[in-house]
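Residues per chain are reported as follows:
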Amino acid sequence: AGGFFYLRAQGEKNLKTNVAAAGNSETAREGLYITHNGKEYQYNEDVINFLCLGIDKDIPIEEKRFGYSEGLADAIILISINVETGQIKLLAIPRDTIVPVKVLDKAGYFLKNADLQITLQYMYGETAADSCELMLNTVSDLLYKVPIQRYCSINFQAIPILNDAIGGVDVQVLEDISGATGNYQTGDTIHLAGNMALDYVRERDTNVFGSSMGRLERQKQYITNYFATAKNAVKNDMALPVTIYQSLQGNMCTNISVEDIAYLVPKLLDVSLTAEDMTMIPGEIIQPDEHEQYIVNKDQLKEVVLNFFYKEVG
């Protein structure tokens, strides 16, 4: 018991952002304070942000795809947990969102910023950890420098492991899907087991305009249902999160620690996650060439960011 509470204390200390420590330094205050319409907003220290990435790799997370690339980030979701109120929010970022991507050479040196789909940022890392750091910084820049405390990327092989660890997940199919495990029809209620879960969150028809957005809606639905199912499973086995964490080694890259897990899990057991708690960054999808682009509405995005992460101070 003493060891558990020590881990929790360390997790809280490591995860929470100390706004007061920024002092008056303009550089240190960046992202901790935002001015909007003549009002000042301060980052809410009780909010802890986790950048979750789904990487299009069927090989171990640390191996290069096609021998040279870390892969692409096909799913990009920022999970925000308010440890004081127990509220959890998810902010989904479409893979085709146009942002200034940091382009690096093969030696890892910065070449330029280029307006490209955010999914491409992941491929420029020398290692999976480098790729995660690049994505973390790019997402933070997109969201007006909001602090992001932790990251976690998983490959496709991790999905069945996560799914089956809690006994599978029930969903009502949102759109027709054809995958390796079969065909699924809109409106059907199915129990996802093994690679069925992978098909549900991965497959899309690339010949259909905006199909990545439909897949994103399925991913959001799956996360919501997974969270509800996982809560019940964890209540029956409090060691389950650590067991899952250990089982994902080789298919996951993260800076989340066991201390972090010990701190957060008890706080999440009474939290509910609904579709209303999940938001996609505002914008519109266009197709100026063979590749789709998601163009962000920056004014609306700033309102979302302030609502998610900040509190008015003056």
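For the structure itself, look to the data block above.
Predicted, not measured: the structure shown is a model, and the values here were computed from it.

Asks: Explain the sheet that holds strand S13 (residues 252-254) to me, please; I cannot follow it from the model alone.
Replies: Within a beta sheet, neighbouring strands are joined by backbone hydrogen bonds and run either parallel or antiparallel to one another. A sheet is described by the order of its strands in space; here six strands give the open sequence S13-S8-S3-S4-S5-S14, paired in mixed fashion. Each edge of the open sheet carries a strand with a single partner, namely S13 and strand S14 (278-280). The sheet shows a mean angle of 20° between the axes of neighbouring strands, taken without regard to direction. Here strand S8 (residues 150-154) runs beside S13; their pairing, made up of three bridges, is antiparallel. Within the sheet, the bridge partner assigned to isoleucine 154 lies in S13 and is methionine 252. Lying on the sheet, helix H3 (residues 128-142) is in contact with strand S3 (47-55), strand S4 (73-82), S8 and S13; it crosses S8 at an angle near 125°.

Asks: Explain the nonpolar core to me, please; I cannot follow it from the model alone.
Replies: Among soluble globular proteins, nonpolar side chains are generally buried collectively. Grouped together as the largest cluster of nonpolar side chains are 50 residues, with contacts concentrated most on Phe50, Ile81, Ile88, Ile166, Tyr226 and Leu264. Here this core takes seven residues from helix H6 (residues 211-236), the largest share from any one element. Once residues lying within four places of it in the same chain are set aside, the contact partners of isoleucine 88 are Ile79, Ser80, Ile81, Phe227, Val271, Ser272, Leu273 and Asp277. Formed by 41 residues, the second largest nonpolar core is a distinct cluster that contains Leu53, Ile281, Val296 and Phe309.

Asks: Where do I start with the pattern of salt bridges in this structure?
Replies: Opposite charge on two side chains lets them pair, provided their charged atoms get close. Using the criterion set out here, one finds twelve salt bridges in the structure. The salt bridge partner of aspartate 58 is arginine 202, with a shortest N-O separation of 3.2 Å. A residue pair is termed long-range when its members are at least 10 positions apart, and aspartate 58 in the loop between S3 and S4 and arginine 202 in helix H5 (residues 195-202) qualify at 144 residues. According to the relative accessible area criterion, aspartate 58 is partly exposed, its value standing at 42%. Look at arginine 202 and you get partly exposed, because its relative accessible area is 26%. Salt-bridge contacts for glutamate 217 lead to lysine 220; the nearest nitrogen and oxygen are separated by 3.3 Å. Here glutamate 217 and its partner lysine 220 are both found in helix H6, three residues apart, which amounts to about one turn of the helix. Judged by its relative accessible area of 36%, glutamate 217 is partly exposed.

Asks: When you look at the packing of helix H4 (residues 158-165) against H5 in this model, what are you seeing that I'm missing?
Replies: For any two helices packed against each other, one specifies the crossing angle of their axes together with the interaxial distance. At a minimum axis separation of 8 Å, H4 and H5 run at an interaxial angle of 120°. The angle between H4 and H5 places the two elements in the oblique class. The two elements H4 and H5 cross, and the hand of that crossing is right-handed. Contact residues: Ile159, Pro160 and Asn163 in H4; Asn195, Ala197, Leu198 and Val201 in H5.

Asks: What is the right way to read the sheet that holds strand S2 (residues 39-43) from this model?
Replies: In space, the three strands of this open sheet follow the order S1-S2-S17, with antiparallel pairing throughout. Here the strands that pair on one side only, and so sit at the sheet edges, are strand S1 (33-36) and strand S17 (310-312). Sheet twist, expressed as the average angle between the axes of neighbouring strands with direction ignored, equals 30°. Examined bridge by bridge, S1 and S2 share four bridges and lie antiparallel to one another. Following the sheet pairing, isoleucine 34 is matched in S2 by tyrosine 41. Sheet strands touched by helix H9 (residues 298-309): S1, S2 and S17. Its angle to S1, the strand with the most contacts, is close to 135°.

Asks: Would you mind going over the packing of aromatic side chains with me for this structure?
Replies: Here the distance between the centres and the angle between the planes together describe a pair of aromatic rings. For the structure shown, the criterion picks out three aromatic pairs. When the centroid spacing of 5.9 Å and the interplanar angle of 40° are considered together, the rings of tyrosine 222 and tyrosine 226 count as tilted. Of this pair, tyrosine 222 and tyrosine 226 both sit in helix H6, four residues apart, roughly one helical turn. The ring of tyrosine 33 has arginine 29 sitting right over it, with the charged end atom 4.0 Å from the ring centre.

Asks: Please clarify how the pairing of S8 should be interpreted in this entry.
Replies: Residues in a regular strand point their side chains to alternate faces of the sheet. Here S8 lies mainly inside the structure; five of its five residues are buried. Across the two faces of S8 the burial is the same, with Arg150, Cys152 and Ile154 and Tyr151 and Ser153 all buried. Where S3 and S8 come together, five bridges link them in parallel fashion. Counterpart to leucine 53 in the pairing with S8 is serine 153.

Asks: Quick question: what am I supposed to make of the pairing of S2 here?
Replies: Between the antiparallel neighbours S1 and S2 lie two residues, among them asparagine 37 with a positive phi of about 50°. Judged from the three bridges that link them, S2 and S17 form a sheet pairing that is antiparallel. When the bridges of S17 are listed, tyrosine 41 appears paired with glutamate 312.

Asks: It is not clear to me how H5 should be interpreted in this structure. Could you clarify?
Replies: Side chains that are three or four residues apart share a direction in an α-helix, a result of its 3.6 residues per turn. Taken residue by residue, H5 has Ala197, Leu198, Asp199, Tyr200 and Val201 as its buried positions. As for H5, its buried residues are in contact with H4, strand S9 (169-172), strand S10 (177-179), strand S11 (182-184), strand S12 (189-192) and H6.

Criteria and thresholds
- Residues numbered from 1 in each chain as written.
- Predicted model: local features only at pLDDT ≥ 70, side-chain atom pairs only at ≥ 80, totals over all residues.
- Heavy atoms only, no water.
- Pairing = 2+ DSSP bridges.
- Helix = DSSP H or I, 4+ residues; strand = E, 2+ residues; numbered from the N terminus.
- Axes fitted to C-alpha atoms, helices over the stretch in contact; angles between N-to-C directions.
- Contact = heavy atoms within 4.5 Å.
- Core = buried A, V, L, I, M, F, W, Y, C linked by side-chain atoms within 4.5 Å.
- Buried < 20%, exposed > 50% of the residue type's maximum accessible area, 1.4 Å probe, protein only.
- Salt bridge = Lys/Arg side-chain N within 4 Å of Asp/Glu carboxyl O.
- Parallel < 35°, antiparallel > 145°, perpendicular 65-115°, else oblique.
- Left-handed = near helix turned anticlockwise from the far one by under 90°.
- Phe/Tyr/Trp six-rings, centres within 6.5 Å; stacked < 30°, edge-to-face > 60°.
- Lys NZ or Arg CZ within 6 Å of the ring centre and 35° of its normal.

Purely geometric stuff here, so don't read any function into it on its own.
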